[in-house]
Every structure is written in structure tokens, then in C-alpha cells.
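Residue-level structure breakdown
What follows is the residue order along each chain.
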Amino acid sequence: MLAADPSAELIAGGTDFMVEVNLHGRRPESVISLRRVSELHEWTHRANRSRVTIGAALPYAQMEHGEIARLLPALAQAARTVGSPQIRAAGTIGGNLGTCSPAGDILPVLAALEATIHVVSATDARDLTWDDFMLGVKRNALAPGEIVHSVSLPVVDGWQGYAKVGTRNAMVISTVSACLVRDADEGLVTIALGAVGPTVIRCFDAERWLASATDLRHGAILSDDVAQEFGRRAAAESRPIDDHRSTAEYRRHAAGVLATRLLKRSFA
Ligand SMILES: Cc1cc2nc3c(=O)[nH]c(=O)nc-3n(C[C@H](O)[C@H](O)[C@H](O)COP(=O)(O)OP(=O)(O)OC[C@H]3O[C@@H](n4cnc5c(N)ncnc54)[C@H](O)[C@@H]3O)c2cc1C
């Protein structure tokens, strides 16, 4: 259907789309609902390749608990912070990627875990890395006629977590968010920040510094100085702006706090 009408717009849960229609004057001429495309609602775990693939239209409610939450705890944590139960019953990863807001809660998880985004059209299929997909504020790499089919994420042996700061404790869009993954087998930590730049930011300098400053494998001990310095370095890599949700200064500070806090939790 999309190949026949590449200007048609896709709707999955509609939790971003209908806000655009109702409040921001979006007036699509034709809309294709993904609700009955059953492949997009599936998820699989290939144990031999230690990867989980999640269909673009699987609602968050199905990631919050159960097997997906056991395999990908940071994804489950992020999913639990999205909106309300009603929003999580409808909202999807495909929609978070389609909107590509810098504050999208799932996006830092995809970046910290180095997810692959599987994209299909009527005639082709391609796999994109998270940073090839997320191009800027509400901009992604989808070409006309393409849809997000699924994302695949590695199952990592080690701690992973997600945290966000907002103006209240629930039903809130992130002022700052962070996902940290500690691969205790490889001795590596990855961290991605949300809502502090035009798109998700991976703190590569802080990651490199941390790997050289301390042992990150199973059984290692983290000093407070290292945790604080890691937070400072992560904050320095953020590129926040002032807007109606926060000041840049507060965002930068909170990014550092979240980075330090998540790193400490990964050693607790
Ligand atoms: C009250 C409320 C609270 C919210 N709270 C949060 C929050 O805490 N955190 C957060 O991150 N978001 C939040 N959101 C935003 C929204 O719920 C999420 O971005 C959600 O992931 C969107 O998914 P959806 O399936 O509803 O997308 P839709 O609204 O259906 O689509 C969003 C965009 O993505 C496109 N799209 C959808 N599926 C695909 C696909 N498979 N391939 C390509 N393009 C696609 C659509 O064309 C559209 O442009 C909130 C929204 C509301 C209304």
C-alpha cells in the first residue's frame, strides 16, 4: 500500500500521530494503519546469536515485564517510564523512531546497546545502525516508501539501566535521560544521553576514559572519584539547549548526575 502511495502516512499506536493531527495541524491525505500487520507485532530471541529482535509495532506494555524485561532490563525500564498505562498499551518503538524526538525514551537504550534498525520497503530491505538512523531533531533516515520493520539488540552479560529526569515523577517527557550498559565480560561501559542534543548522544570520550581509568569486569571495585569524573566527562559531551522544559545548565548538571548514578548502580 505504501509503495502504491509513498506520500501516505503511517500510524502505529497513534500516540504521537494524533497529537500532531489534533493540536499541530497535521493533515495527512491518506493514512496506513500498521495495526493488522502481524509480523510487526512479533518479537524473537535467537539464543545462539544472543540477540533479541522486536517488531516495530509491539506496544511498550509487552516490554515492561516478562521475558523481554529479563533479557533487556534497560529497555523495560525505559518502557515503564513512557506516559501512562494507556499510552504504553498503544505506543511502540517504531513510533518513537518515526518521531525521532531527542526526548524519546527508547532512543538512548537503542544507542547504548548499539541496536540495529531493520528497515523495509516493497522492494528492498536494509539495516541501519542507530546513529545512521537518527539524524537530528525529529529527523530520521527513512526514505519514502520505507518503514521500520524491527530493531535488534544484543543480550549483554552485565548490568544495564535507564533513568530520566523530568518535572514530575510520572507522565512526563524527559528533561534529561540516560542509559548505561556495563558489559562485564568485555570490560566495557557504554552510555547514551537523551534530550541534551539534537539527537541521542553517545559519550564516547567518557566511555574511553573510564575503560582506561578502572577495571570494569566482573568483581571489580569502583572508586567514588572515578564515578564523579565519569559524570563530569559525560556532562561535558552533552549539547543541551534552554527550552520550556529546562535550562541548558540544569540539563548538563542532571546529565552528569545520571551518568554517575547509573555507573555506581552498575557496580552495586
Ligand atoms: C500523553 C502522552 C505521553 C507521552 N509520554 C511519552 C514519554 O514519557 N516518553 C516518550 O518517549 N514518548 C512519550 N509520548 C510520545 C509517544 O507515546 C511515543 O513517542 C511513542 O513511542 C509513539 O509510538 P506510536 O506507536 O504511538 O507512534 P505513532 O503516533 O503511531 O507514530 C509516530 C510517528 O512515527 C511514524 N511511524 C510509526 N510506526 C512506524 C514504523 N513502523 N515505521 C516508520 N514510521 C513509523 C508515524 O508515521 C508517525 O510519524 C507520549 C505521548 C502522549 C500522548
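Preceding block: the structure.
Procedures and definitions
Residues numbered from 1 in each chain as written. Predicted model: local features only at pLDDT ≥ 70, side-chain atom pairs only at ≥ 80, totals over all residues. Heavy atoms only, no water. Helix = DSSP H or I, 4+ residues; strand = E, 2+ residues; numbered from the N terminus. Buried < 20%, exposed > 50% of the residue type's maximum accessible area, 1.4 Å probe, protein only. Contact = heavy atoms within 4.5 Å. Lys, Arg positive; Asp, Glu negative; His and termini not counted. Charge placed at Lys NZ, Arg CZ, Asp CG, Glu CD. Pairing = 2+ DSSP bridges. Axes fitted to C-alpha atoms, helices over the stretch in contact; angles between N-to-C directions. Phe/Tyr/Trp six-rings, centres within 6.5 Å; stacked < 30°, edge-to-face > 60°. Lys NZ or Arg CZ within 6 Å of the ring centre and 35° of its normal. Near = heavy atom within 4 Å. Polar contact = N/O pair within 3.5 Å; in protein donor to acceptor, adjacent residues only side chain to side chain. Areas by Shrake-Rupley, 256 points an atom, 1.4 Å probe, with all protein chains shown as cover. Nonpolar A, V, L, I, M, F, W, Y, C, P; charged D, E, K, R; others polar. Arc of directions from axis to C-beta. Salt bridge = Lys/Arg side-chain N within 4 Å of Asp/Glu carboxyl O.

**A look at the overall build of the protein**
Secondary structure summary: the protein contains 10 helices and 13 strands in total. Taking the principal axes of the C-alpha coordinates as reference, the protein spans close to 60 × 45 × 30 Å. With 268 residues in all, the protein has 51% of them scored as buried. Considering only contacts in the protein between residues 6 or more positions apart, those separated by 24 or more positions represent 60%. For the protein, the separation between the mean place of its 28 positive charges and that of its 30 negative charges on side chains is 5 Å.

**Considering the pairing of strand β10 (residues 160–165)**
With six of six residues buried, β10 lies mostly within the body of the structure. Because side chains alternate across β10, one face comprises the buried residues Q160, Y162 and K164, and the other comprises G161, A163 and V165, equally buried. Where β10 meets strand β11 (residues 176–183), six bridges bridge the pair, whose relative direction is antiparallel. Directly across from V165, in β11, lies its bridge partner V176.

**A short note on the sheet that holds strand β12 (residues 188–194)**
Spatial strand order, β10-β11-β12-β13: four strands in an open sheet with antiparallel pairing. Both outer strands of the open sheet, β10 and β13 (201–202), are each paired with one neighbouring strand and no more. Contacts between helix α9 (residues 224–237) and the sheet are confined to β11, β12 and β13, with β12 contributing the most and set at about 45° to the helix. Along the sheet face, helix α10 (residues 248–267) touches β10, β11 and β12 and points at about 25° away from the line of β11.

**Details of the packing of aromatic side chains**
In the structure shown here, the tally under the stated rule is zero aromatic pairs. Of note, R182 hangs over the ring of F267, and the distance from its end group to the ring centre comes to 3.8 Å.

**Quick look at the sheet that holds strand β9 (residues 147–154)**
The strand order across the open sheet built from five strands is β3-β4-β9-β5-β6, with neighbouring strands paired in antiparallel fashion. Edge strands, defined here as strands with exactly one partner in the open sheet, are β3 (43–46) and β6 (125–129). Strand-to-strand twist in this sheet, taken as the mean axis angle between neighbours without regard to direction, amounts to 20°. Alignment of strand β5 (residues 116–120) against β9, held across five bridges, turns out to be antiparallel. Bridging from a neighbouring strand, T116 pairs with S152 of β9.

**Here we look at the side chain of S101**
Along the chain, the position of S101 falls in the loop between α5 (93–99) and α6 (107–112). Among all residues touching S101, those that are not within four sequence positions of it are N96, L107 and K138.

**Details of the site of the ligand**
Around the ligand, the structure places 34 residues, and the nearest of them are L10, T15, D16, Y60 and D105. In this structure, Y60 approaches the ligand through a side-chain N or O atom, which is 2.5 Å from an oxygen atom. In isolation the ligand offers 990 Å² of accessible surface; the protein chains occlude 89% of this area. Contributing elements (two or more residues each) for the shell around the ligand: β1 (9–11), α1 (17–23), α4 (85–90), α5 and β9. With five residues, α5 is the single largest residue contributor to the shell around the ligand. Across the shell around the ligand, the residue classes break down as 17 nonpolar, 13 polar and four charged.

**Brief notes about helix α8 (residues 204–213)**
An α-helical turn contains 3.6 residues, so any two residues separated by three or four positions project in the same direction. Looking only at α8, the buried set comprises A206, E207, W209 and L210. Down the axis of α8, the sector holding all buried residues measures 165°, keeping them to one side. Exposed residues pointing more than 90 degrees away from the buried face of α8 are listed as R208 and S212. Residues of α8 that are buried make contact with β12, β13, α9 and α10.

**A word on the pattern of salt bridges**
Using the criterion set out here, one finds 13 salt bridges in the structure. Put simply, D105 and K164 hold a salt bridge, and the shortest N to O gap is 2.7 Å. One end of the pair, D105, is in the loop between α5 and α6; the other, K164, is in strand β10, with 59 residues separating them in the sequence. We note that D105, like K164, is buried. Across the pair R202 and E207 runs a salt bridge, and its minimum N-O distance is 2.7 Å. Per residue, the accessibility class of R202 equals that of E207, and both read buried.

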